[in-house]
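Observations on chain architecture
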Amino acid sequence: MLFLAYLSTTAGRTTAFAGLAKGALRTSSTVARRSSSASFVNKRSSCASQLLLPTFTVGRFASSSSTCSIARPSAVATELEKNLGVTHPAYEILSTDVVTEFGAYCTLYRHKKSGAELLSVSTDDDNKCFGITFRTPPSDSTGVPHILEHSVLCGSRKYKTKDPFVQLLQGSLQTFLNAFTYPDRTCYVVASQNTKDFYNLINVYADAVFHPRAISDPMVHAQEGWHLELEELSQPLTYKGVVYNEMKGVYSSPDSLLQREAQHSIFPDNTYGVDSGGDPVEIPNLSFEQFANFHKKFYHPANSRIFFAGDDDVAKRLEIMDEYLSDFDQSPESKPGSVVQYQKKKYDAPKLVRKPYPAGADQPETHMIMVNWLVNDREFSPVEEITITILDHLLMGTTSSILRKTLMESGLGDAITGGGLMTELLQGVFSVGLKGVKPEDVSKVEELVVETLKKVAEEGFSEDAVAASMNTIEFDMREFNTGSFPKGLSLMLGSMSKWIYDKSPTEALKFEEPLAELKATIAESGSKVFQDMIRDLLLENSHRTTVEMYPSKTLEEEQLKAEKDKLAQIKASMSEDDLKQIIDKTVELKKLQAAEDPPEARATIPSLELEDLKREVTEYPIEVTENAANSGVTLVQHELGSTSGIAYASLAVDVSGIPLEDVPLLPLFTRIMMETGAGEYDSVALSRKIGMHTGGVSVSTMITGVNKDGAPEGVIGEGEHFVSKLTISGKATSDKVDEMFSIFDLILRDANLDSRAKIIEILKESKSRKESSVQGSGHSTANARIRSRYNVIGYINEIMSGLSSLDTVKGLLDQAENDFPSLLARLENMRNVILDKSTCRDGMILDITGDKAVFDKIQPAVEEFLQKLPGDSHGGKLQNFYSEPHPWAKHIKQEMSSKAPIVDEGFVVPTQVSYVGKGGRLYDIGEEVSGSTAVIQKFLGTGYLWDNVRVIGGAYGGFCQFQPRDGIFTFLSYRDPNLAGTIDVYDAASDSLMSSAVEMEKNPEALATAIIGAIGDMDGALSPDQKGAVAFRRWLTRETPEQRQKYRDQVLNTKPSDFRDFAERLRALKDTSSAVVSSKAAFEDASKSGKTFTLKEVM
C-alpha cells in the first residue's frame, strides 16, 4: 500500500512531500480500522486523504507543548534499569543509554556473525513492538522497493502459505501489522499486547524478510508488481498487478502529482529524485531478475536495523533474532552500498517546473503552485532541529500562523498546498503554495511567499506567538500520546530518523537539552534565532523550485491511449506462440491465486489457541453526576491510574433544535468556532491563547444512535433514536484547566460568526478538500452514499460530510460571496438555538478523564466552569431522546425517498482506477444481531475479498463493513482496475461463505483462527483519553456491560452454523444498491457487461 505521509503529532498533519513513504498497509477491514480506513486529513492542505499509515514522530521531530510540567510514574524505573546491558554470546554491546524523556532503557547491540545492529528498548508498555528496517535507496522509478515490500510477505522458508500476512491478519491479536516504504528505507513492523502472539508475529516477519519465496518464484513478482495479462488471442493485452494499480491511483491524484514533481525537482542528483513507490509508466520495466537482485543487495542483516520496545524479556528478544541472523556471515559491502548521498545545494537561481494534472470536463481551469526549498545539505545539530521544528509551527502550524494565514487571506487560491517542513529523510524540505489559482495569479503566489518570509525575517515573531508554538510543541513531546498506535512504533520511527543514516538511535529521541538551549537563546534574544534561520535556510538559499501544475482535460484520455497503444505495439511484435505463453501464464497465475493453501502449509503458520483469549470485556471507570454542583449540567468523570498530570475534557452541547435544513452547516459552524476568533480575540490571538495554555482545543459534531428505553439490546432499531451534540474538546495540565475551560466558554458563546472573508476562505478550502477526497478516497465516498439510503444517521452523515456536502459547500460559498447577511442570519440562529437559555444546560454534558491527582486539583475549576456556562440551571427539559424519536428523524425519512433513492449511482472523476461499493440491508428492524457477525465480516474481508478483489483482481484493497446497530452491510474496493468484475465478486460472496461454513465443520482450527482475529480487533491498545472516550460513548448510547459481555461471548462461541446463516442473509441481501467512483471510460466499459449506473460528473 501507499504510505502517503509521515505524520507528526506536531500539528497532526501531513508533510509537504506526501509521497514520502509507500506502505504495505495491505488493505483489509482490520487494517482499515487501525488506520481509520485511511483518513488522517491534512490540517493545512487540501490534499486528498489516502489510506494512510499514521505514524508519530518523537523526540526532536514531535510537537510538544508547554512550559508544562507533565508527571510521569517512576516506580518501575528500577526494574527497567535491570534490562540495560543484558548479555548474549551472539552479540556485542555497542552502547547503553536511558532516554529519560520517554522512560526508555536502551541497549544497542551488534550481532557478531552477521553484523546486524539491534536496539533493545525496555519500557513500561505492554503493547510490545518489533520492527526491522533496511536501507533501500532505488536508482529508478520502477518501484522495486515498494513491490519487494509487498512481496516478501507472500510466503517464506518456514511459513509456506501463499500469504502468511493474511493468516496473521485473520488470526492474531496484533495491534499493528504492517510494512511501508520510504524513499530510502523499508520498514516491517508488528505489535501485540499478548507475548505469545508477539513472538509468533516476529518469527513470521523475520523469516519473510530474510528468506522470502518471492525471490525464487516469479509469480509473486507478477502478482504484486506487474504482469501482462491475456485470456484469449482476440483480446487486447492488459497490465495487472497490485502495486501497478495502486500507483495508477496515486498518479490520478493532482495533489500526489504535485508532491512528486516537487520532490523530483528539488533532488535532481540523489535517490530522492526517483519514485520509490513506482511510476506506472516505469513499473513494467522492472524484470524479475532486477527484483530478486534488489533483495540480495539490500536485505542482508548487515544493512538492517532491528528494533524492540516494550515490557517483554530482553534475553528472549536476542535469542529469537539470533536464530535468523546466524544464517548469515558478515557483508562488509552492504552498508556502504546503501549509503544515501546528500543532494548538494546546486541551483544558482530558483527553477520553475510546469506539468499538467488531470482535470474533469467541467472543472474550473485553475492551477496548483508549490514553492520548495532544499533546507540543508549537511547534518543539523539537535538545537537546529528543534529550532526549525518550532519555526515551521510559527509559519504554518495553525490557521493563524503567519505564512499560512497570509496565503489564505490573499484570495489568490482556495487551499494550501504543501505542509511546510519535512525532516524525516536525510535532508529537509520546506514546501508551501496554493491550489485553485487563476492563471493570471500564478506568479503572484511565489512572490507572496517570498515577500511574507522577508517581512517575518525583518520584523520577527511576537513574544506570544513564540510562546504559543513552544508550548504546543513541548506539550505533545511530553504527553507522548500516540492514540491506539503503539508507542514503540513511534520510538522506532523517531530513532530511525538518525539510525538509518548511521547516527545514534537514542540521541534522536532526546529533546530536553536542545529544548533548554533554545529556550535560553529565546530568553536572551527573542525571535532572532528564527529570523536568522529564515534568512539562512530560505531567503538566501537559491536551491528553490516552484512547481506549477496546470489543468489538462485530455490528460486522462491521453494516458489511457498511450497505455493501450503501447500494449497494442507489444502484442503486434509477438508471435502467436508468444501470446499463447502469456495466456498460459495468465491461467497459471489465476489458478495459483485461486488455489487453497494445503493443510500442511497452513499448519506452518504459528497461531494462538482460544484458551489464550481474554473472555471478559474490559471496562473503564465512569462516574456520572446529574445536575453537578446544582448547575443543571451532567458531569461524567473517568479516574484512571495515571494520565501524567493531564486532564482530557469534552463539553457536549445538544443541537437537536437546529432546523434540519441547517444541519449541513454544522461542519462550517464548528470550524468558525475555532478559526475566526471569539469575543475580544481575533483569530490570531485566540490561536495563541489556545497554544499557550493547552495541548490543543477542537470542535466537532457527534451524531450517535442510542438504545431505546425498554427495547431489547442488540436488536436493530428504527433509527429514530439518537443524540446530536456539538463537542468542544481539549487537554491541559491540571494547573491550566481553568484556562482551557475559559476557552471552551469563549468559543461557545462568542465565536465571531460575522467574519465574511474568513468564512469564504474556509468554504473554498473545504470545497478543495472534498474534491480531492473524492478522487483519493473514493471508497469512503461510496460507502457514505450507500449508507445514506437506508438509515437516518447514515443520511445525516452523508449530507454533513459525504458527496452531498460538496454541493452544500458550493452553495454556501455562493451565498457567502453574494448574500452574506442571509448566511450570517442562519449561523446566528443556529447559535441562538444551541444556547437557548431555557433548555441548553439540560443538554450539556461535561466529560473529563484524568488521574486522582488531576481530579483533586481541578475540582474548583470544574465547579466554577459549570456555574458560568450559558443557560438557566433550573431551566426546562429537552425531550428524552431515549424514549422519543429525534426531531430530525421524521423529516429525514421523508427526504430520503427523494434525495437518497435506492439506485445504482456512478460518480465520474478524472482517475485511472475505480472505487466500487455495493450494499444493502442484511438485518431488518426488530431482528437481533449476534456477535458472530464480527467474526464472519472479518473472515470475509481477509479471506474471500482479499483473494478475489485484491490478489486475483489486482485492486489495492477489497473489504466489507457491517454495522450491528443499523443492519447495513457494504462491500468496498480501493484503487481497483475493475468495475463490473468486482461487483460480480461481491455477488458471489454468499456462495463462498457457504462453502467456508462446510469447511469449518471439518476444520475447527480455521474457525478458531477467525474468532481470534475478531477478538484482536476488539481489544486494541488505547491511550488514557481514548479509554475515557470509550466509557463515555458506552454510557451515552445506554449500552450495558451485560450486553457487551453477551456480544463478546457470542464472538467467542461462533459456530459454522453462524456462517451458514450469514451466507443465507447475504444471498438475500435486501434493497441492494451500488455507488462507484470511477472514470467515464470505466463506466462505459461496465455498461457493456450489463452494469449500468445513474451518472454524475463530480469534478
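Residues numbered from 1 in each chain as written. Predicted model: local features only at pLDDT ≥ 70, side-chain atom pairs only at ≥ 80, totals over all residues. Heavy atoms only, no water.

With that settled, the discussion passes to the overall build of the protein chain. What the protein chain contains, in helices and strands, is 39 helices and 27 strands. Relative to the globule expectation of 31 Å for 1099 residues, the C-alpha radius of gyration of the protein chain, 28 Å, shows essentially globular dimensions. With respect to the three principal axes, the spread of C-alpha positions in the protein chain is 85 × 70 × 65 Å. Expressed as a percentage of its 1099 residues, the buried residues of the protein chain come to 64%. The contacts in the protein chain between residues at least 6 apart in sequence include a share of 83% that link residues at least 24 apart. Of the roughly 38200 Å² of accessible surface on the protein chain, 49% is carried by carbon and sulfur atoms. A gap of 1 Å separates the mean positions of the 118 positive and 153 negative side-chain charges of the protein chain. (Helix = DSSP H or I, 4+ residues; strand = E, 2+ residues; numbered from the N terminus. Rg over C-alpha atoms; globule rule 2.2 N^0.38 Å. Buried < 20%, exposed > 50% of the residue type's maximum accessible area, 1.4 Å probe, protein only. Contact = heavy atoms within 4.5 Å. Areas by Shrake-Rupley, 256 points an atom, 1.4 Å probe, with all protein chains shown as cover. Lys, Arg positive; Asp, Glu negative; His and termini not counted. Charge placed at Lys NZ, Arg CZ, Asp CG, Glu CD.)

Okay, the side chain of Lys-510 next. The residue Lys-510 is located in the loop between α16 (487-499) and α17 (512-525) in this model. Since its relative accessible area comes to 18%, Lys-510 is described here as buried. There is a polar contact of 2.7 Å between the side chain of Lys-510 and the side chain of Asp-97. Side chain to side chain, Lys-510 and Glu-507 meet in a polar contact 3.1 Å long. (Polar contact = N/O pair within 3.5 Å; in protein donor to acceptor, adjacent residues only side chain to side chain.)

Quick look at the sheet that holds strand β21 (residues 845-851) now. Here we have six strands laid out as an open sheet, ordered β16-β17-β21-β18-β20-β19, and mixed in their pairing. Whereas interior strands pair on both sides, the edge strands pair on one side only; in this sheet they are β16 (623-625) and β19 (697-705). The sheet shows a mean angle of 20° between the axes of neighbouring strands, direction not considered. Pairing between β16 and strand β17 (residues 634-640): three bridges, direction antiparallel. By the bridge assignment for β17, Glu-623 is matched with Gln-637. Relative to the sheet, helix α22 (residues 666-675) contacts β19 and β20 (722-733), its axis offset from that of β19 by approximately 155°. (Pairing = 2+ DSSP bridges. Axes fitted to C-alpha atoms, helices over the stretch in contact; angles between N-to-C directions.)

Before going further, it helps to examine the packing of aromatic side chains. Across all of its chains, the model carries 35 aromatic pairs by this definition. Taken together, a centroid distance of 4.3 Å and an interplanar angle of 20° make the contact between Phe-134 and Tyr-299 stacked. Here Tyr-299 lies in the loop between α9 (288-298) and β10 (304-310) and Phe-134 lies in strand β5 (residues 128-135), a separation of 165 residues in the sequence. Residues Phe-134 and Tyr-299 agree in their burial class; the two are buried. Summarising the aromatic geometry, the rings of Tyr-915 and Tyr-974 are spaced 5.6 Å apart at their centres and angled 70° between planes, so their arrangement reads as edge-to-face. Pair noted here: Tyr-915 is in strand β23 (residues 915-921) and Tyr-974 is in strand β25 (residues 968-974), with a separation of 59 residues, a long-range link. Three or more aromatic residues joined by ring pairs make a cluster, and in this case those are Phe-134, Tyr-188, Tyr-205, Phe-210, Tyr-299 and Phe-328. Above the ring of Tyr-347, the side-chain terminus of Lys-351 is found at 4.9 Å from the ring centroid. (Phe/Tyr/Trp six-rings, centres within 6.5 Å; stacked < 30°, edge-to-face > 60°. Lys NZ or Arg CZ within 6 Å of the ring centre and 35° of its normal.)

On to the sheet that holds strand β12 (residues 367-374). With respect to topology, five strands assemble into an open sheet ordered β11-β15-β12-β14-β13, the strand pairing being mixed. Either end of the sheet is taken by a strand with one partner, and the two such strands are β11 (351-358) and β13 (415-422). Across the sheet, the mean angle separating the axes of adjacent strands is 15° when strand polarity is ignored. By the bridge criterion, six bridges tie β13 to strand β14 (residues 429-437) in an arrangement that is antiparallel. Across the sheet, Thr-417 pairs through a bridge with Gly-433, a residue of β14.

A few words on the pairing of strand β3 (residues 104-111). For β3, the buried fraction is high: seven of the eight residues fall into the buried class. Bridge count between strand β2 (residues 91-99) and β3: eight bridges; the pairing is antiparallel. Considered in β3, the bridge of Asp-97 is made with Cys-106. The loop that links β2 with its antiparallel partner β3 comprises four residues; one of these, Gly-103, has a positive phi angle of about 60°. Looking at chain direction, β3 and strand β4 (residues 117-122) are connected through six bridges and run antiparallel. Across the sheet, residue Leu-108 finds its bridge partner in β4, namely Leu-119. Between β3 and β4, which follow one another and run antiparallel, lie five residues, and Gly-115 among them has a positive phi close to 85°.

Along α9, the positions that sit buried rather than exposed are Phe-288, Phe-291, Ala-292, Phe-294, His-295 and Phe-298. Axial view of α9: buried residues confined to an arc of 150°, hence all on one face. Exposed residues on α9 whose side chains face more than 90 degrees from its buried face are Glu-289 and Lys-296. Where α9 is buried, its residues touch β5, α3 (144-151), α5 (195-210), α6 (218-224) and α11 (334-337). (Arc of directions from axis to C-beta.)

Once that is clear, we can look at the confidence of the model for the protein chain. The predicted coordinates of low-pLDDT regions are not to be read in fine detail. Counting all residues, the mean pLDDT for the protein chain is 91, and 93% of those residues have values of 70 or more. Contacts for the low-pLDDT stretch residues 1-67, under 50 throughout, to residues beyond four places or in other chains number 335 contacts. (pLDDT = per-residue confidence, 0-100.)

Another point: unusual backbone geometry. Non-glycine residue Ala-629 carries a positive phi angle of around 50°. The topology assignment puts Ala-629 in the loop between β16 and β17. The partly exposed category is assigned to Ala-629, whose relative accessible area is 37%. In this structure, Arg-975 is a non-glycine residue whose phi angle is positive, near 50°. Along the polypeptide, Arg-975 turns up in the loop between β25 and α33 (980-987).

Its place among the elements puts Phe-939 in helix α32 (residues 932-952). Considering only alpha carbons, one finds Phe-939 and Cys-960, 21 residues apart in sequence, at a separation of 10.0 Å. Once you skip the residues sitting within four places of it in the chain, Phe-939 turns out to touch Tyr-944, Leu-993, Ser-996, Met-1000, Ala-1010 and Phe-1059.

The next subject is the pattern of salt bridges. Tallying each qualifying case throughout the model produces 76 salt bridges. The shortest N-O distance in the salt bridge between Glu-507 and Lys-510 comes to 3.1 Å. Overall, Glu-507 belongs to the partly exposed group, its relative accessible area being 39%. Between Arg-1060 and Glu-1001 there is a salt bridge, with the nearest N and O atoms lying 3.0 Å from each other. Within this pair, whereas Arg-1060 is found in helix α38 (residues 1056-1067), its partner Glu-1001 is found in helix α34 (residues 989-1002), the two being separated by 59 residues in sequence. By relative accessible area, which is 29% here, Arg-1060 ends up partly exposed. One connected set of salt bridges, linked through shared partners, spans Glu-117, Arg-135, Arg-305, Lys-335 and Asp-502. (Salt bridge = Lys/Arg side-chain N within 4 Å of Asp/Glu carboxyl O.)

A few words on helix α18 (residues 528-539). Buried residues of α18: Phe-530, Gln-531, Met-533, Ile-534, Leu-537 and Leu-538, and no others. Along the axis of α18, the buried residues cluster in a sector spanning 160°; they form a single face. Close packing links the buried residues of α18 with β12, α12 (382-396), β14, α14 (442-459), α15 (463-479) and α17.

Turning to the packing of helix α23 (residues 683-693) against helix α24 (residues 737-750), a few remarks are in order. Running from N to C, α23 and α24 cross one another at 155°; their axes reach a closest spacing of 9 Å. Judged on the interaxial angle alone, α24 and α23 are roughly antiparallel. Two packed elements cross with a definite hand, and for α23 against α24 that hand is left-handed. Between α23 and α24, the contacting residues are Leu-686, Lys-689, Ile-690 and His-693 on the first element and Glu-739, Ser-742, Ile-743, Leu-746 and Ile-747 on the second. In terms of residue class, the contact of α23 with α24 is built from five nonpolar, two polar and two charged. (Parallel < 35°, antiparallel > 145°, perpendicular 65-115°, else oblique. Left-handed = near helix turned anticlockwise from the far one by under 90°. Nonpolar A, V, L, I, M, F, W, Y, C, P; charged D, E, K, R; others polar.)

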